[in-house]
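Here's the letter readout for the chains.
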Amino acid sequence: MIDQTPPLPSLHSFATWEPVLRLLLAHDTERSADGSARPAGRISRYGQSLALPWGMSSVARTAVKDIQRALARGRVEEVAFRAEVRPDGSTTLGLVRPGPAVESGLGYPDLGVLVLDGDALPEPWRRLPEPVPGARPAPTADPELLERTLRERLPDAVGATEEEIAAAETRLGVTLSDELKALYRVTRARWEDWGDDWEAAVEVNNAVCCEIHDPDSLYAVDAAARHSRWRFSATDALSTPPDAPVQGLAGSPGWIVFGSNGGDELAVDLTPGPGGHLGQVILVSHELSLGAELLADSLTDFVLERTKDGRGGSPERGLPVVAGVRKGGLDSVRAAAHPDLEVLSIDRSDGSPFSLAPVIGLPRLRTLTAWPGALADPLEIAGLTGLEFLELGPREWRVLLDAGAVPRSLSAAAVKVGDGDHLPVVDLANEILALWGRPPIDQTLLEGDLGPVA
């Protein structure tokens, strides 16, 4: 008896990828100068990023499913791909498995970010709070009023002992504010004290105006835990204006989280900004990886629902900390130069490429991104001694690699792929990774024929 079961798809078979390539070609009319097409995308075991119309057809779903089956069989989580389909139909298909040293991009040939130091964080996430001499509680901070108000709202609550409060301070390494101590003397907010009575828990949370943590569950906001991906964080920055109530930080040992609003963290701030108060209440949003907002000048104000409209150290989007040449509205690197400059992005230019001379020696410059061909002399990068993140085109990286001039201060890097750059970028990325002894990107090149390109 002849087995008519179709063969299982192989990840490294051109035939497995052919249906997807044909679908992409049918919806992509863009061609390079020589008439070649370069379809690209990314497929994981549970999703895909393909330039196809919204709502895939059954044919498209089947084509993607075959690749996902091949991924599952090979125990591969995802593959990025890019093909060069020449006018006669001859095709080179590059399959890329990014590996543990790469933060995946949107689709090959955007390989993502090369993580050169797996333990490093961008500077804003390493930043510690500045001391603010003379910081005092707000005039509205009234521990006695707070305690009296909460006892009226929660007459049967079980409070924390002085020993329990002291144990929390020892564990955190900070002295809690008098208001927070007053709150816990009224209620220690432990589930066992409520006898598994959900309504009793809700009553306590309503009285305190948030979902309160017990003293053993207090914790400081950890900046490292808020860091997401280098692709976004390398070009992010924070500032603390002279009148800011909250310091521009990702986290602080003095941001003591005592509750939540169901999604965001609520903290008592023991390291306020120059315009803030010791013990103020701040909100640490789950949607942001930097900064916090002022909710109330004191815990007393918070419980009495005298809240603020929210101000704090916030992400900078323009000069002087973050600057963009061309896309940022500036017409030269000199116009962006400033002692506090942290991030410089140079977009594509219709004119002459730019010199980096005006920013050489700037003490805080940590990120440079430049469109392929935007730099007059890539070797000027050697003068930027504090770079943590660098994104350049393949030709610029080639110059640095050949000259042995890749900055050793880097923690992460990226290859910016322009219109004419495609399959060879993986070899280039692997050269960069090798300088730090990082695992290489796995690439497989397949050859096939799709017939004449329309």
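Look up: the structure comes first, before these words.
Explain the environment of Gln68 here, please?
Note on placement: Gln68 falls in helix α2 (residues 58–73). A relative accessible area of 13% places Gln68 in the buried class. The spacing of Gln68 and Gly251 is 183 residues in sequence and 39 Å in space, taken between C-alpha atoms. Residues in contact with Gln68, not counting those within four places in the same chain, are Ile43, Ser44, Arg45, Tyr46 and Gly47.

Quick question: what am I supposed to make of the pattern of salt bridges here?
Pairing is possible between side chains that carry opposite charge, provided their charged atoms lie close to one another. In this structure the tally under the stated criterion is 24 salt bridges. Taking the shortest distance from any N to any O, the salt bridge between Glu78 and Arg42 comes out at 3.4 Å. A residue pair is termed long-range when its members are at least 10 positions apart, and Glu78 in strand β3 (residues 78–85) and Arg42 in strand β1 (residues 40–44) qualify at 36 residues. Glu342 is paired through a salt bridge with Arg364; the nearest N and O atoms lie 2.9 Å apart. Of this pair, Glu342 sits in the loop between α11 (333–336) and β14 (343–346) while Arg364 sits in the loop between β14 and β15 (367–370), placing them 22 residues apart in sequence. You can call Glu342 buried: its relative accessible area is 1%. Here the salt bridges do not stand alone but share partners, grouping Glu123, Arg127, Asp340, Glu342, Arg364 and Arg366 into one network.

Explain the sheet that holds strand β18 (residues 442–449) here, please?
Spatial ordering of the open sheet is given by β2-β1-β3-β4-β18, a layout of five strands whose pairing is antiparallel. Both outer strands of the open sheet, β2 (48–50) and β18, are each paired with one neighbouring strand and no more. For this sheet the average axis-to-axis angle between neighbouring strands, irrespective of direction, equals 20°. When β1 meets β3, the two strands line up antiparallel, connected through five bridges. Bridging from a neighbouring strand, Ser44 pairs with Glu78 of β3. Against the sheet, helix α1 (residues 14–27) touches β1, β2, β3, β4 (90–97) and β18, its axis set at about 65° to β3. Sheet strands touched by α2: β1, β2 and β3. Its angle to β1, the strand with the most contacts, is close to 55°.

Looking at this model, I keep getting lost on the environment of Leu146. Mind explaining?
On the secondary structure map, Leu146 appears in helix α4 (residues 143–153). Distance in space between the C-alpha atoms of Leu146 and Gly393 is 59 Å, their sequence separation being 247 residues. With residues near it in sequence (within four places) discarded, Leu146 still touches Glu179, Leu183, Leu299, Thr300 and Val303.

How do you make sense of a negative patch on the surface when you look at a structure like this?
Residues Asp156, Asp196, Asp197, Glu199 and Glu203 make up a contiguous surface patch of negative charge. Its location among the elements puts Glu203 in helix α7 (residues 198–208).

Would you take a moment to explain a nonpolar patch on the surface for this structure?
A cluster of nonpolar side chains, namely Trp191, Trp198 and Val202, defines an oily patch on the protein surface of about 330 Å² accessible area. Structurally, Val202 is set in helix α7.

What is the right way to read the packing of aromatic side chains from this model?
Within this structure, the stated rule accounts for four aromatic pairs. Taking the centre distance of 5.1 Å and the plane angle of 55° together, the rings of Trp17 and Phe81 count as tilted. You can see Trp17 sitting in helix α1 and its partner Phe81 sitting in strand β3, a full 64 residues away along the chain. Stacked on the ring of Trp436, the Lys or Arg Arg408 has its end atom at 4.2 Å from the ring centre.

What exactly am I supposed to notice about the pairing of strand β17 (residues 412–415) here?
Two faces make up the sheet, and in a regular strand the side chains alternate between them. Of the two faces of β17, both are covered, the one formed by Ala412 and Ala414 as well as the one formed by Ala413 and Val415. Sheet analysis places strand β16 (residues 389–392) next to β17, joined by four bridges and oriented parallel. Looking at the pairing, Leu390 lines up with Ala413 of β17. A crossover links β16 with its parallel partner β17, the connecting element being helix α12 (residues 394–403), and its sense is right-handed.

Before we go on, may I ask you to explain the packing of α4 against helix α6 (residues 178–186) in this structure?
Pairs of packed helices are described in terms of their axes, by the angle between the two and the distance that separates them. Where α4 contacts α6, the two axes come as close as 9 Å, and the packing angle between them is 20°. Classified by the interaxial angle, the pair formed by α4 and α6 is roughly parallel. Along this stretch, α4 crosses α6, giving a crossing that reads as right-handed. For the pair α4 and α6, the contacting residues are Pro143, Leu146, Glu147, Leu150 and Arg151 in the first and Asp178, Glu179, Ala182, Leu183, Arg185 and Val186 in the second. Counted by class, the contact of α4 with α6 contains six nonpolar, no polar and five charged residues.

Quick question: what am I supposed to make of the sheet that holds strand β5 (residues 102–103) here?
Sheet strands pair via backbone hydrogen bonds, and the direction of the pair is either parallel or antiparallel. Strand order in the open sheet formed by seven strands is β5-β6-β17-β16-β15-β14-β13, and the pairing between neighbours is mixed. Pairing within the sheet leaves two strands with one partner each, and these edge strands are β5 and β13 (322–325). The strands that α12 touches are β16 and β17; relative to β16, the one it contacts most, it runs at about 120°.

Is there a simple way to explain the pairing of β15 in this structure?
Residues Thr367 and Thr369 line one face of β15 and the alternating positions Leu368 and Ala370 line the opposite face, and both faces are buried. For β15 and β16, the ladder comprises three bridges, and the chain directions are parallel. Within β16, the residue paired with Thr369 across the bridge is Glu391.

Rules used throughout
- Each chain has its residues counted from 1, running along the sequence as written.
- Restriction of local features to residues with pLDDT of at least 70 applies here, the model being predicted, together with a cutoff of 80 or more for giving and counting side-chain atom pairs; totals for whole chains, interfaces and linings are based on all residues.
- The basis for every side-chain value is the complete set of heavy atoms in the structure, and neither hydrogens nor water enter the calculation.
- Helical segments are the DSSP runs of H or I of at least four residues, strand segments are the runs of E of at least two, and each set is numbered from the N terminus.
- Categorising residues by exposure relies on relative accessible area from a 1.4 Å probe, with only protein chains included: less than 20% of the type maximum marks a residue as buried, more than 50% marks it as exposed, and the intermediate range marks it as partly exposed.
- Contacts between residues were defined by any pair of non-hydrogen atoms, one from each residue, lying within 4.5 Å.
- Counted as salt bridges are all cases of a side-chain nitrogen of Lys or Arg within 4 Å of a carboxyl oxygen of Asp or Glu.
- We treat two strands as partners when DSSP finds at least two bridges between them.
- Each axis is a line fitted through C-alpha atoms, and for a helix only the stretch in contact is used; angles between axes span 0 to 180 degrees, taken between their N-to-C directions.
- A patch is a set of surface residues, each over 30% in relative accessible area and not in a salt bridge, joined within 9 Å for like charges and within 5 Å for the nonpolar side chains Val, Leu, Ile, Met, Phe, Trp and Tyr.
- Accessibility throughout is a Shrake-Rupley quantity obtained with a 1.4 Å probe, and a residue counts as covered only by protein chains that appear here.
- Here the positive residues are Lys and Arg and the negative ones are Asp and Glu; neither His nor the chain ends is included.
- Where a charge sits is defined by one atom per residue type, namely NZ (Lys), CZ (Arg), CG (Asp) or CD (Glu).
- For this analysis, a ring pair means two rings from Phe, Tyr or Trp (six-membered ring only for Trp) whose centres lie within 6.5 Å, classed as stacked if their planes differ by under 30 degrees, edge-to-face if by over 60, and tilted for the remaining angles.
- As a reminder, the over-ring test applies to NZ of lysine and CZ of arginine, requiring each to be within 6 Å of the ring centre and within 35 degrees of the ring normal.
- By definition, the crossover connecting two strands over a helix is right-handed if that path, from the first strand to the second, turns clockwise as seen with the strands pointing away from the viewer.
- Between 65 and 115 degrees an angle is taken as roughly perpendicular, under 35 as roughly parallel, over 145 as roughly antiparallel, and anywhere else as oblique.
- Helix crossings are classified by the rotation of the near helix relative to the far one: an anticlockwise turn of less than a right angle makes the crossing left-handed, while a clockwise turn makes it right-handed.
- Residues were grouped as follows: Ala, Val, Leu, Ile, Met, Phe, Trp, Tyr, Cys and Pro as nonpolar; Asp, Glu, Lys and Arg as charged; and all remaining residues, including Gly, as polar.

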